[in-house]
Amino acid sequence: MAALLIVIQIFTGLLLKFHYVPSPEGAYNSIHNIDESLLFGRLARNIHHWSAILLLWITFLHMLRVLFTGAYRKPRHATWIFGMILLILVILSNFTGYLLPWDQLSYWAVTVVTSLLQYIPVIGGYLKDSLLGGQEVGSATLSNFFNLHTGVIPLAIIILMGYHFWRIRRAGGVIVPESEKENPMVDTHPNLVYREFVVAVALIAFLLVISVLFDAPIRERANPSFSPNPAKAPWYFMGLQELLLHFHPFFVIVVFPLTLIIGSIWLPYIKMNDSNAGIWFLSDKGKKAGIFAATAGFFFSVLFLLLSEFLPDSEKVLPSVPALITTGLIPFILLIGTKYLFLRFLQVRLSLNRSEFIQTILIILVTSYTVLSIIGILFRGKGMNLIWPWQI
Ligand code: HEM
Ligand code: HEM
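Residues numbered from 1 in each chain as written. Chains lettered and ligands numbered in written order. Predicted model: local features only at pLDDT ≥ 70, side-chain atom pairs only at ≥ 80, totals over all residues. Heavy atoms only, no water.

Trainee: A description of the site of ligand 1 should follow, citing residues and the corresponding values.
Mentor: Around ligand 1 sit 22 residues, and of these Gln9, Arg45, His48, His49 and His149 come closest. With respect to ligand 1, the side chain of His48 contributes an N or O atom lying 2.8 Å from a nitrogen atom. His149 places a polar side-chain atom, nitrogen or oxygen, 2.8 Å from a nitrogen atom of ligand 1. Secondary structure elements with two or more residues in the shell around ligand 1: helix H1 (2-17), helix H3 (41-68), helix H4 (77-99) and helix H7 (139-170). No other element matches the six residues that H1 contributes to the shell around ligand 1. Looking at side-chain class alone, the shell around ligand 1 contains 11 nonpolar, nine polar and two charged residues. (Near = heavy atom within 4 Å. Polar contact = N/O pair within 3.5 Å; in protein donor to acceptor, adjacent residues only side chain to side chain. Helix = DSSP H or I, 4+ residues; strand = E, 2+ residues; numbered from the N terminus. Nonpolar A, V, L, I, M, F, W, Y, C, P; charged D, E, K, R; others polar.)

Trainee: Talk me through the site of ligand 2; I want residue IDs and the actual numbers.
Mentor: Near ligand 2 lie 23 residues; those nearest to it are His62, Arg65, Arg76, His164 and Ile175. Within the contact set of ligand 2, a nitrogen atom lies 2.8 Å away from a side-chain nitrogen or oxygen of His62. Between His164 and ligand 2, the recorded distance is 2.8 Å, taken from a side-chain N or O atom to a nitrogen atom. Listed by contribution, the elements that provide at least two residues to the shell around ligand 2 are H1, H3, H4 and H7. Ranked by the residues each element gives to the shell around ligand 2, the list is headed by H4, at six residues.

Trainee: Can you tell me about the packing of aromatic side chains, naming the residues and giving the values?
Mentor: In this structure the tally under the stated criterion is 24 aromatic pairs. Their ring planes at 55 degrees and their centres at 5.7 Å tell us that Phe68 and Phe281 sit as a pair that is tilted. With Phe68 in helix H3 and Phe281 in the loop between helix H10 (249-266) and helix H11 (284-310), this residue pair connects regions lying 213 residues apart in the sequence. A centroid spacing of 5.5 Å and a plane angle of 5 degrees characterise the contact between Trp388 and Trp390, whose relative ring orientation is stacked. Taken together, the ring pairs connect Trp57, Phe95, Phe145, Trp235, Tyr236 and Phe237 into an aromatic cluster. In this arrangement the basic side chain of Arg344 is found over the ring face of Phe357, its NZ or CZ atom lying 5.3 Å from the centre. (Phe/Tyr/Trp six-rings, centres within 6.5 Å; stacked < 30°, edge-to-face > 60°. Lys NZ or Arg CZ within 6 Å of the ring centre and 35° of its normal.)

Trainee: Give a description of the coordination of the iron atom of ligand 1 that names residues and reports values.
Mentor: Coordination of the iron atom of ligand 1 by the protein comes from His48 (NE2) and His149 (NE2), over a distance range of 1.9 to 2.0 Å. Taken together, the six donor atoms surrounding the iron atom of ligand 1 define angles of 88 to 179 degrees at the centre, an arrangement classified as octahedral. Placement of His48 in helix H3 and of His149 in helix H7 is noted, with a sequence separation of 101 residues between them. With respect to burial, His48 and His149 carry one shared label: buried. (Donors = N, O, S within 2.8 Å, 3.2 Å for Na, K, Ca; no water. Tetrahedral: all angles 85-135°; square planar, octahedral: opposite > 155°, others 65-115°. Buried < 20%, exposed > 50% of the residue type's maximum accessible area, 1.4 Å probe, protein only.)

Trainee: Give a description of the side chain of Asn94 that names residues and reports values.
Mentor: As for its placement among the helices and strands, Asn94 is situated in helix H4. Filtering out sequence-adjacent residues up to four positions away, Asn94 remains in contact with Ala52, Ile53, Leu56 and Tyr236. (Contact = heavy atoms within 4.5 Å.)

Trainee: Now, about helix H8 (residues 188-213): what can you tell me, with residues and values included?
Mentor: With 26 residues, H8 should reach 38 Å at 1.5 Å per residue; the first-to-last C-alpha distance of 36 Å fits that figure. Among the residues of H8, those classed as buried are Leu203, Leu207 and Ser211. The inward-facing, buried residues of H8 abut H1 and H3. (Expected span 1.5 Å × (residues − 1).)

Trainee: Which residues make up the coordination of the iron atom of ligand 2, and what are the values?
Mentor: In ideal tetrahedral geometry, four donors around a metal make angles of 109.5 degrees, whereas ideal octahedral geometry with six donors gives angles of 90 or 180 degrees. The protein atoms that coordinate the iron atom of ligand 2 are His62 (NE2) and His164 (NE2), at distances spanning 2.0 to 2.1 Å. Taken together, the six donor atoms coordinating the iron atom of ligand 2 span angles of 86 to 179 degrees at the metal, a pattern that classifies the geometry as octahedral. Remark: His164 occurs in helix H7 and His62 occurs in helix H3; sequence separation between them is 102 residues. You can call His62 partly exposed: its relative accessible area is 38%. On the basis of relative accessibility, which here comes to 11%, the residue His164 falls in the buried class.

Trainee: Outline the side chain of Gln347, listing residues and values.
Mentor: On the secondary structure map, Gln347 appears in helix H13 (residues 323-349). Setting aside its immediate chain neighbours within four residues, Gln347 contacts Leu352, Asn353 and Phe357.

Trainee: Which residues make up the nonpolar core, and what are the values?
Mentor: If you look at the biggest cluster of nonpolar residues, it comprises 41 residues, and the most contacted ones within it are Leu5 and Trp102. For this core, the element with the most residues is H7, which contributes seven residues. Beyond its immediate chain neighbours, meaning those up to four positions away, Trp102 contacts Pro24, Ala27, Tyr28, Tyr107, Val137, Gly138, Leu142, Arg221 and Ala222. (Core = buried A, V, L, I, M, F, W, Y, C linked by side-chain atoms within 4.5 Å.)

Trainee: Explain the packing of H11 against helix H14 (residues 354-378) to me, using residue names and the numbers behind them.
Mentor: Here H11 crosses H14 at 35 degrees, and the two axes come no closer than 8 Å. Crossing hand, H11 versus H14: right-handed. The residues of H14 that touch H11, namely those facing Lys285, Gly286, Ala289, Gly290, Ala293, Ala294, Ala296, Gly297, Phe298, Ser301, Val302 and Leu305, are Glu356, Thr360, Ile363, Ile364, Thr367, Ser368, Val371, Leu372 and Ile375. Considered class by class, the residues forming the contact of H11 with H14 number 12 nonpolar, seven polar and two charged. (Axes fitted to C-alpha atoms, helices over the stretch in contact; angles between N-to-C directions. Left-handed = near helix turned anticlockwise from the far one by under 90°.)

Trainee: Mind laying out the packing of helix H6 (residues 124-132) against H7, listing which residues take part and the relevant values?
Mentor: At a minimum axis separation of 7 Å, H6 and H7 run at an interaxial angle of 85 degrees. On the basis of the axis angle, H6 is roughly perpendicular to H7. Of the residues in H7, those touching H6 at Ser130, Leu131 and Leu132 are Ala140, Thr141, Asn144, Phe145 and Leu148. For the contact of H6 with H7, a count of residues per class yields five nonpolar, three polar and no charged. (Parallel < 35°, antiparallel > 145°, perpendicular 65-115°, else oblique.)

Trainee: Tell me about the environment of Ala231, and name the residues and values.
Mentor: Mapped onto the fold, Ala231 is located in the loop between H8 and helix H9 (238-244). For Ala231, a relative accessible area of 18% gives the class buried. With 86 residues separating them along the chain, Ala231 and Phe145 place their C-alpha atoms 20 Å apart. Ala231 has contacts with Trp108, Val112 and Gln241, leaving out every residue within four places of it along the chain.

By themselves these figures say nothing about function.
So, in structure tokens, the structure goes:
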């Protein structure tokens, strides 16, 4: 599905490119022209928009499938690591595409996200200025994003996808549980080919229905001197924007992502003491632990957000201590420490093996990011204050 969606993105993207004008003066009108005056223009744009969102979801779900079935272990370690790069590229293609309509939504979302780059020590300022082509989002930024979006990133995705597929074949195909290894083999054609064909037709039909029923949004033309309140990041970065309200930016932009990246690269090399490759949950206690981890992820995150919202500001309570410690290290230890201790407790209590323990870490992380994103998207209003969704 992910591969097919990428082909659809390239095809519809190339069509859009015939009429899209990558300049601040021309971009917004060209989108209106595509929507209003071109035969099937609106449909092509809608497909490009919805398929981009679907691609992000499917790539993410594919990554979860790989994680849950332990398919990241050797000999699939390189498939896993290059898969992570593919995921980053899919996020980047979504993000660079986001700016292209040049409306208020896209302009300010990109301003919010790129301004975070400056918190990366040493290279942050340089990185931000290079990406923006100046101090703020402007014509050079649009041109950079357009070239990345329609050239560099798709090319990198195509090359890495080829490598990804080659590695899968080299590892002997997809992972199969030990118990099924003795099953008789069947021919690829028609067994696999027909199934893939049906999935492809169903996916295309679904995408067409969604694209006919729901239009890709377009707001007023971008106005650099008027910032909407609240100015929100694209939905997939809202969890990060929500975290920023509670943590020092250095932790949100550097410590959290770096921990995740190092953890992901390290994962295939962790010694496992089980043989549950290819199986979603090894045992009933593994499933039980998964449910506990999801519940804990939900409650710990909500509790942490409420405490951080309603307790006095730690910077004001301890003015002499650097903010990096009061709003960075202390909440980091509190949040990560409590979750980790809880999972260790689960591990001992349910005598989970290492791969089940890793599954609980994964579940708690995914639930926590989901809670953060939902709160950021639905429960934040003017000045990023907490509100009820119907008050937006
Ligand atoms: C993985 C592949 C891709 C993803 C995820 C992606 C994603 C996006 C997104 C999210 C937008 C903003 C759409 C909107 O809401 O209006 C966009 C716009 C655009 N994309 Fe892509 N894109 C991809 C590949 C391509 C390719 C290969 C091209 C061309 C060669 C392309 C050309 C365009 C153009 C011209 C626009 C501006 C028109 C518009 O906003 O509708 N895209 N893309
Ligand atoms: C553009 C995005 C991607 C495409 C098109 C893609 C495509 C595929 C396909 C077709 C397979 C074989 C069938 C299957 O397992 O469903 C596969 C397997 C695999 N993918 Fe991806 N993938 C993408 C992203 C990722 C990501 C983000 C990861 C992990 C971070 C990943 C890691 C793997 C691994 C480890 C396998 C081997 C699984 C096994 O042997 O069971 N891929 N990929």
